[in-house]
Amino acid sequence: MSLQTKIMDVMKDAMRAKDTVALEALRAIKSEILLAQTATGSKEEITEADEIKILQRLVKMRKDSAEIFTTQNRPDLAEPELAQIAVIEKFLPTQLSEAEVEAIVAKIIAETGASGIASMGKVMGAASAQIGGQAEGKTISAIVKKLLV
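What you see is a predicted model, and the numbers here were worked out from it, not measured in a lab. (Residues numbered from 1 in each chain as written. Predicted model: local features only at pLDDT ≥ 70, side-chain atom pairs only at ≥ 80, totals over all residues. Heavy atoms only, no water.)

### With respect to helix α4 (residues 75–89)
So, point 1. With 15 residues, α4 extends 21 Å from end C-alpha to end C-alpha; this agrees with the ideal 21 Å at 1.5 Å per step.
So, point 2. Those residues of α4 not exposed but buried are Ala78, Glu81, Gln84, Ile85, Val87 and Ile88. (Helix = DSSP H or I, 4+ residues; strand = E, 2+ residues; numbered from the N terminus. Expected span 1.5 Å × (residues − 1). Buried < 20%, exposed > 50% of the residue type's maximum accessible area, 1.4 Å probe, protein only.)

Pasting the structure below:
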């Protein structure tokens, strides 16, 4: 079942339950997927990797907004953002722990023979391809820097 079909099913349930927060998050996902499909000018399905990137971007946007609202002492605005994050994360693959990411990155560094910060791009590319949506880019980057320095 494609992500779009899952979103529509959950959206119908949210409408029946009158869950406005979940509905808003689901509509945002649907909108981003439609924009990604029509960006190329064709009605082709987007890949699962692209869907995961879209979901991660939506979560990151909401985390940034919630952080800003919290620093401005506006918990009334931060709460819906955090609730939407929980809804969106249901469609993401399970996230790896930092220890698991570190083990994968260490293995990639050993395989590529990378040393020093100059080879960070090569390691990041391989790690991002292998981990693919199971960890945030910021987490991967921090671990790569830690292991290469």
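### Details of the packing of helix α6 (residues 120–131) against helix α7 (residues 137–148)
So, point 1. Relative to each other, α6 and α7 sit at 135°, their axes nearing to 10 Å. It follows from the interaxial angle that α6 and α7 lie oblique. The hand of the α6/α7 crossing is right-handed. Here α6 contributes Met120, Val123, Met124, Ala127 and Ile131 to the contact with α7, which in turn contributes Gly137, Ile140, Ser141, Val144, Lys145 and Leu148. (Axes fitted to C-alpha atoms, helices over the stretch in contact; angles between N-to-C directions. Parallel < 35°, antiparallel > 145°, perpendicular 65-115°, else oblique. Left-handed = near helix turned anticlockwise from the far one by under 90°. Contact = heavy atoms within 4.5 Å.)

### Examining the nonpolar core
So, point 1. Ranked by size, the top nonpolar core spans 21 residues in total, and within it Ile7, Leu26, Ile29, Leu55, Ile88 and Phe91 carry the most contacts.
So, point 2. Secondary-structure elements contributing two or more residues to this core are α1 (3–17), α2 (20–39), α3 (48–71) and α4.
So, point 3. Among the elements that line this core, the one with the most residues is α2, at 6 residues.
So, point 4. Not counting residues up to four positions away in its chain, the partners in contact with Ile7 are Leu26, Ile29, Lys30 and Phe91. (Core = buried A, V, L, I, M, F, W, Y, C linked by side-chain atoms within 4.5 Å.)

### A closer look at the pattern of salt bridges
A side chain of one charge can pair with a side chain of the opposite charge if their charged atoms are brought near each other.
So, point 1. Applying the stated rule across the entire model yields 6 salt bridges.
So, point 2. Note that Glu32 and Arg57 form a salt bridge whose closest N and O atoms lie 2.8 Å from each other. Taken together, the residues Glu32 in helix α2 and Arg57 in helix α3 connect sequence positions 25 residues apart.
So, point 3. For Arg57, a relative accessible area of 40% corresponds to the partly exposed category.
So, point 4. Measuring nitrogen to oxygen at the nearest pair gives 2.9 Å for the salt bridge that ties Arg74 to Asp76.
So, point 5. The exposure class of Arg74 is partly exposed, given its relative accessible area of 36%. (Salt bridge = Lys/Arg side-chain N within 4 Å of Asp/Glu carboxyl O.)

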